[in-house]
Amino acid sequence: MQITPARSYRATLVPAGTASDEVDTLDALGKLPTIQVKSSSCEAAELAAHQVSGLAVLCVERVEA
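All of these numbers come straight from a predicted model, not from anything done at the bench. (Residues numbered from 1 in each chain as written. Predicted model: local features only at pLDDT ≥ 70, side-chain atom pairs only at ≥ 80, totals over all residues. Heavy atoms only, no water.)

J.: Quick rundown of the overall build of the protein? Include the residues and the values.
T.: When its secondary structure is counted, the protein shows two helices and three strands. Taken along its principal axes, the extent of the C-alpha atoms in the protein is 45 × 25 × 15 Å. For the protein, the residues scored as buried account for 22% of the 65 residues in total. For the protein, the computed accessible surface area is about 4600 Å², with 51% contributed by carbon and sulfur atoms. (Helix = DSSP H or I, 4+ residues; strand = E, 2+ residues; numbered from the N terminus. Buried < 20%, exposed > 50% of the residue type's maximum accessible area, 1.4 Å probe, protein only. Areas by Shrake-Rupley, 256 points an atom, 1.4 Å probe, with all protein chains shown as cover.)

Here it is as structure tokens:
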């Protein structure tokens, strides 16, 4: 059995009702909400962020400690 360490990820979320043509602008301005999750991979972090928030996930980035 291989143990995979959990790492911290920041997920940028897209609130319901946000127009698709506004998402990039809001992201560039830092106006979209974010959450931090711990996970073994970026893909798993994206899924966890969606499951916890119920919102669409724009992007996920690893946060270095």
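There's plenty left to go through after this.
J.: Describe the nonpolar core, and please don't skip the residues or the numbers.
T.: Side chains that are nonpolar tend, in soluble globular proteins, to be buried together. Counting eight residues, the largest nonpolar core consists of Tyr9, Ala11, Leu13, Val37, Ala45, Ala49, Val57 and Val60. Only strand S1 (7-14), helix H2 (42-53) and strand S3 (56-62) provide two or more residues apiece to this core. Among the elements that make up this core, the one with the highest residue count is S1 (three residues). Discounting chain neighbours no more than four positions away, the residues touching Leu13 are Leu32, Pro33, Ile35, Ala49, Ser53, Leu55, Ala56 and Val57. (Core = buried A, V, L, I, M, F, W, Y, C linked by side-chain atoms within 4.5 Å. Contact = heavy atoms within 4.5 Å.)

J.: Can you lay out the pattern of salt bridges for me, pointing to particular residues and giving the numbers?
T.: Under the definition given, this model contains two salt bridges. A salt bridge links Arg10 to Glu61; the nearest nitrogen and oxygen atoms lie 3.4 Å apart. Of this pair, Arg10 sits in strand S1 while Glu61 sits in strand S3, and the two are 51 residues apart along the sequence. Judged by relative accessible area, Glu61 falls into the partly exposed class, the value being 39%. Across the pair Arg62 and Glu64 runs a salt bridge, and its minimum N-O distance is 3.4 Å. You can call Arg62 partly exposed: its relative accessible area is 41%. (Salt bridge = Lys/Arg side-chain N within 4 Å of Asp/Glu carboxyl O.)

J.: Could you give an account of H2, with specific residues and numbers?
T.: Given a rise of 1.5 Å per residue, 12 residues ought to cover 16 Å, and the 16 Å separating the end C-alpha atoms of H2 matches this to within 8%. One or two residues past the end of H2 sits Gly54, with phi positive at roughly 80 degrees. (Expected span 1.5 Å × (residues − 1).)

J.: So what about the sheet that holds S1? Which residues, and what values?
T.: Strands pair in a sheet through their backbones, by hydrogen bonds, and they do so in one of two ways: parallel or antiparallel. Taken in spatial order, the three strands line up as S2-S1-S3 in an open sheet, and their pairing is antiparallel. Whereas interior strands pair on both sides, the edge strands pair on one side only; in this sheet they are strand S2 (34-39) and S3. Ignoring strand direction, the axes of neighbouring strands in this sheet form an average angle of 30 degrees. Note: S1 against S3, six bridges, orientation antiparallel. Each bridged residue has a counterpart across the sheet, and for Ala11 the counterpart in S3 is Val60. The sheet strands contacting H2 are S1, S2 and S3, and the helix crosses S3 at an angle near 140 degrees. (Pairing = 2+ DSSP bridges. Axes fitted to C-alpha atoms, helices over the stretch in contact; angles between N-to-C directions.)

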